[in-house]
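Understanding the architecture of this molecule
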Amino acid sequence: MHSVSPRFIACSGTPAEARILLFGIPFEGTVNLRKGAHRGPGEIRLASDSIETYSPALGLDLRDLALADLGDCHVPGGSPREALAAVREEIRGFWSPERRTVMLGGDHTATLPVLEALAPRLPDLRVLQLDAHPDTREEFLGERYCYASAMARVMEAVAPEQVYQVGMRAGSREEFEQRRPHFFPATAVSPFEAVRRILPELSGHPLYVTVDIDVVDPSEAPGTGAPGPGGLRIAELVRIIRLLEGCDVVGTDLVEVAHAHDPSGRTGIAAAWILREAILTFWGKR
């Protein structure tokens, strides 16, 4: 792990005493246009200093939780598969079923090593993806391990019938025609209604929640690699997250923040706000 400064807000505990571990994966693989997601972990941490630790809506405070920020995983050189495998082994070194994790990405491929580390220990794991894109291309620009193929690779670590995809409003024809078992595009059903419907299927199982910031409309979060009109408002995404309060969430992540395309820095602030609400919703009362 690489130590970082600043840390995410309220992460004052030591790893030994913390129940919730935050860490970054500053990975960015093959990208065709808007680069910069590898800086996302640092940008989210820096932006978190701009928000309060207390959530008035929930009446809960991050300062009351046992939180630690481990820093960033080491992403070595080599092929994307080799780099991600090294990150996976680093995660295996600190993760245990008694702890909860929050990963700061990185492009969406950073979700893969987390789930490769968790899934063998949690065979009943469910994954909820909140995203503007399916990310299920078999390859993109000749590479199988990249942001456009991230969830296709995830479904090699977690059975496709255990992965729920919600909020998609863009992607290739093939991704929308060759749908996975639980595919709920925003063009067919509102993301809130989709999650409300599948909540009985998510409850009772360990759950991992992966959030691509581009599920939010670019009017509120422009700093990302593949923005597209018609997304959620931040308040709408937080409302969806609050539906999961009773679920056994074992980990979450937020990926694809890239301030190179947002001089205002408001994308990172949005990301930090969403993560605060997610952490307090999932684990604030436990």
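These lines cover the structure that appears in this document, whether it is placed above or below. Computed from a predicted structure; not experimentally measured. (Residues numbered from 1 in each chain as written. Predicted model: local features only at pLDDT ≥ 70, side-chain atom pairs only at ≥ 80, totals over all residues. Heavy atoms only, no water.)

1. A few points about the overall build of the protein chain
Looking only at helices and strands, one finds eight helices and 10 strands in the protein chain. Its C-alpha radius of gyration of 17 Å places the protein chain within 12% of the 19 Å reference for a compact globule of 286 residues. Expressed along its principal axes, the backbone C-alpha trace of the protein chain runs to roughly 45 × 40 × 40 Å. Every one of the 286 residues in the protein chain was classed for burial, and the buried ones make up 61%. Counted over contacts in the protein chain with a minimum sequence separation of 6, partners at least 24 positions apart contribute 77%. Looking at charge distribution, the protein chain has the averaged site of its 30 positive side-chain charges lying 3 Å from that of its 39 negative ones. (Helix = DSSP H or I, 4+ residues; strand = E, 2+ residues; numbered from the N terminus. Rg over C-alpha atoms; globule rule 2.2 N^0.38 Å. Buried < 20%, exposed > 50% of the residue type's maximum accessible area, 1.4 Å probe, protein only. Contact = heavy atoms within 4.5 Å. Lys, Arg positive; Asp, Glu negative; His and termini not counted. Charge placed at Lys NZ, Arg CZ, Asp CG, Glu CD.)

2. Some thoughts on the packing of aromatic side chains
Aromatic ring pairs are described here by two measures, namely the spacing of the ring centres and the angle between the planes. Under the criterion given, the structure shown has four aromatic pairs. Plain terms: the ring middles of Phe140 and Tyr147 are 5.9 Å apart, the flat faces sit at 80° to each other, and that makes the pair edge-to-face. Taken as a pair, Phe140 and Tyr147 share a single burial class, namely buried. With a centroid separation of 5.4 Å and an interplanar angle of 80°, the aromatic rings of Phe176 and Phe183 are classed as edge-to-face. Each member of the pair, Phe176 together with Phe183, is buried. Geometry around Tyr145 places Arg153 over its ring, the cationic atom sitting 5.9 Å from the centre. A cation over a ring is seen here: Arg239 above Phe192, with NZ or CZ 3.7 Å from the ring centre. (Phe/Tyr/Trp six-rings, centres within 6.5 Å; stacked < 30°, edge-to-face > 60°. Lys NZ or Arg CZ within 6 Å of the ring centre and 35° of its normal.)

3. What about helix α7 (residues 234-242)?
By the burial criterion, the buried members of α7 are Ile234, Leu237, Val238, Ile240 and Ile241. Angular distribution of buried residues about the axis of α7 spans 155°; they occupy a single face of the element. If you follow the buried residues of α7, they end up packed against β6 (126-130), α6 (191-202), β9 (206-212) and α8 (266-283). (Arc of directions from axis to C-beta.)

4. Considerations on the packing of helix α1 (residues 40-48) against α8
Two numbers describe a pair of packed helices, the interaxial angle and the distance between the axes. Taken N-terminus to C-terminus, the directions of α1 and α8 make an angle of 75°; their axes are 8 Å apart at the nearest point. Taken together, the axes of α1 and α8 lie roughly perpendicular to each other. Contacts between α1 and α8 involve Ile44, Ala47 and Ser48 from the first element and Gly268, Ile269, Ala271, Ala272 and Leu275 from the second. Residues of the contact of α1 with α8, tallied by class, amount to six nonpolar, two polar and no charged. (Axes fitted to C-alpha atoms, helices over the stretch in contact; angles between N-to-C directions. Parallel < 35°, antiparallel > 145°, perpendicular 65-115°, else oblique. Nonpolar A, V, L, I, M, F, W, Y, C, P; charged D, E, K, R; others polar.)

5. Comments concerning the pattern of salt bridges
This model, assessed by the stated rule, comprises 21 salt bridges. Arg63 is the salt-bridge partner of Asp61, the closest N and O atoms lying 3.1 Å from each other. Asp61 gets classed as buried once you look at its relative accessible area, which sits at 9%. Residue classification places Arg63 among the exposed residues on the basis of a relative accessible area of 61%. Note that Arg242 and Glu277 form a salt bridge whose closest N and O atoms lie 2.5 Å from each other. A residue pair is termed long-range when its members are at least 10 positions apart, and Arg242 in helix α7 and Glu277 in helix α8 qualify at 35 residues. Classification of Glu277 as buried rests on a relative accessible area of 1%. Put simply, Arg81, Arg88, Glu89, Arg92 and Glu116 are held in one network by salt bridges that share partners. (Salt bridge = Lys/Arg side-chain N within 4 Å of Asp/Glu carboxyl O.)

6. Quick word on empty space enclosed by the protein
All told, the structure shown has two cavities of 30 Å³ or more when counted by the stated rule. For the largest cavity, the calculated volume is near 50 Å³. Taken together, Glu28, Val31, Arg34, Lys35, Gly36, Ala37, Asp107, Tyr147, Thr224, Gly225, Glu256 and Ala258 make up the lining of the largest cavity. Residue composition of the lining of the largest cavity, by class: four nonpolar, three polar and five charged. For the second largest cavity, the calculated volume is near 30 Å³. As for the second largest cavity, its lining consists of Val209, Val211, Ile241, Thr252, Asp253, Leu254, Ile274, Leu275, Ala278 and Phe282. (1 Å grid on protein atoms, 1.4 Å probe; cavity = no way out; pocket = protein on both sides within 12 Å on 5 of 7 lines; lining within 4 Å. Points joined across faces, edges and corners; volume = space filled by probe spheres on them.)

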